[in-house]
Amino acid sequence: FLVSIGICDSFSVTYHVPKLKAEDAGKVLEQLNVFNEDDVDAAAEALNDMPIKKLYMVVEMAAQGEQGGGAESIFSGKEKIRISHFYDCLQDIVRY
């Protein structure tokens, strides 16, 4: 898209970053430690062919919680992201 509208010419260097496969997404999610162990594979499969930036964005959205503001307890390990809420956030990301 950026090539077609000529924006890439504005930068001296561009990098192509491949999308993550489910296996790689699973490794990232395991390192983040934001899901229950039982939910990591399902979340990773849902993220198949997702760019890493979008992966981090949807995890951050889900970590905020349904009411917002809950990310600190998720990233500190006190709580885990509910897989159903993660799917809701993912659906919002994929839609656009």
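Residues numbered from 1 in each chain as written. Predicted model: local features only at pLDDT ≥ 70, side-chain atom pairs only at ≥ 80, totals over all residues. Heavy atoms only, no water.

Enquirer: Please set out the pattern of salt bridges residue by residue, giving values where relevant.
Expert: If you walk through the whole model with that rule in mind, you get three salt bridges. Between Lys21 and Asp49 there is a salt bridge, with the nearest N and O atoms lying 2.6 Å from each other. On the criterion of sequence distance, the pair formed by Lys21 in the segment before helix H1 (22-32) and Asp49 in the loop between helix H2 (37-46) and helix H3 (52-63) is long-range, its members being 28 residues apart. On the basis of relative accessibility, which here comes to 45%, the residue Lys21 falls in the partly exposed class. The closest approach of N and O atoms between Glu23 and Lys27, which form a salt bridge, is 3.7 Å. On the criterion of helical spacing, the pair formed by Glu23 and Lys27 is a turn pair, its members being four residues apart in helix H1. Under the relative-accessibility criterion, Glu23 is labelled exposed at 57%. The partly exposed category is assigned to Lys27, whose relative accessible area is 46%. (Salt bridge = Lys/Arg side-chain N within 4 Å of Asp/Glu carboxyl O. Helix = DSSP H or I, 4+ residues; strand = E, 2+ residues; numbered from the N terminus. Buried < 20%, exposed > 50% of the residue type's maximum accessible area, 1.4 Å probe, protein only.)

Enquirer: Pulling in residues and values, what's your account of the packing of aromatic side chains?
Expert: Under the counting rule described, the total for this entry stands at two aromatic pairs. Seen in terms of ring centroids, Phe35 and Phe86 are 5.0 Å apart; in terms of plane orientation they differ by 90°. Their pairing is edge-to-face. You can see Phe35 sitting in the loop between H1 and H2 and its partner Phe86 sitting in helix H5 (residues 83-95), a full 51 residues away along the chain. Among the residues examined, Phe35 registers a relative accessible area of 3% and is labelled buried. A relative accessible area of 0% places Phe86 in the buried class. Measuring from centroid to centroid gives 6.0 Å for Phe86 and Tyr87, while their planes differ by 50°, and the two rings are tilted. Given a relative accessible area of 35%, Tyr87 falls into the partly exposed group. Ring-pair connections join several aromatic residues into one group, and the members of that group are Phe35, Phe86 and Tyr87. (Phe/Tyr/Trp six-rings, centres within 6.5 Å; stacked < 30°, edge-to-face > 60°.)

Enquirer: Any chance you could break down H3 for me, citing the residues and the numbers?
Expert: End to end, H3 covers 16 Å across twelve residues, agreeing with the expected 16 Å (1.5 Å per residue, within 8%). Within H3, the full set of buried residues consists of Leu55, Val58, Val59, Ala62 and Ala63. Taken down its axis, H3 places every buried residue within 135° of arc, on the same side. Of the residues trailing H3, Gly65 is marked for its positive phi of about 85°. (Expected span 1.5 Å × (residues − 1). Arc of directions from axis to C-beta.)

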